[in-house]
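Here are the chains, one letter per residue:
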Amino acid sequence: MSRPEDESRTELAWREIVENYGERPVLDDAPTSSGESATAAEDAPPAAPSASSSTDLPEHLRDDDEVERREQAIAESERFKPPPAPPFPVPRTWERGLAWAGIFVAPVIALVIGLLSIYVHPLVGWALVGWFVGGFAYLVFVMPKAPRDPWDDGSRI
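Criteria and cut-off values
Residues numbered from 1 in each chain as written. Predicted model: local features only at pLDDT ≥ 70, side-chain atom pairs only at ≥ 80, totals over all residues. Heavy atoms only, no water. Helix = DSSP H or I, 4+ residues; strand = E, 2+ residues; numbered from the N terminus. Contact = heavy atoms within 4.5 Å. Areas by Shrake-Rupley, 256 points an atom, 1.4 Å probe, with all protein chains shown as cover. Axes fitted to C-alpha atoms, helices over the stretch in contact; angles between N-to-C directions. Left-handed = near helix turned anticlockwise from the far one by under 90°. Nonpolar A, V, L, I, M, F, W, Y, C, P; charged D, E, K, R; others polar.

A.B. asks: Lay out the overall build of the protein chain in plain terms, naming residues and giving numbers.
C.D. replies: Secondary structure assignment for the protein chain yields six helices and zero strands. Counting from the amino terminus, the protein chain carries its helices and strands in the arrangement α-α-α-α-α-α. Sequence separation of 24 or more characterises 57% of the internal contacts of the protein chain that already satisfy a separation of 6 or more. Total accessible area computed for the protein chain in this model is approximately 14600 Å², and 64% of it derives from carbon and sulfur atoms.

A.B. asks: So what's going on with the packing of helix H5 (residues 94-115) against helix H6 (residues 122-141)? Which residues, and what values?
C.D. replies: Viewed as axis vectors pointing N to C, H5 and H6 meet at an angle of 145°, and their least axial separation amounts to 8 Å. Crossing geometry of H5 relative to H6 is assigned as left-handed. The residue inventory of the contact of H5 with H6, partitioned by class, reads 17 nonpolar, two polar and two charged.

That is the geometry; function is a separate question.
Quick look at the structure:
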């Protein structure tokens, strides 16, 4: 525990921050010449919504509420528009395509056969299992074997 005469500059700065936490600055009520232009811009009515949205409705259904138009304009401007999706990746070789199909298609076929209680020869079931295991083994075998930094945990940004 420190005494008031032993306080360093850092402790004084932190104490000042804590003492002033939550206080709000007091602003003058009289606007200055530069403040008048800023408040005039804030008080100006928002631009009317696009002409197509106001002309699409009949006269008796149009909304004349200024607040509603402002909220709609804000919602339209803040709407998220995602970038276009990248193209679907295509396997580099037919072997990799066959292996990936074994990973995804073989279990789906086995699931459909099991759910619909379709009788198939046991050899077909074992072929699906072999396709899945073989595809997985192939993809693990052809994985790049680049040397890793011993301190690297695999996370990248």
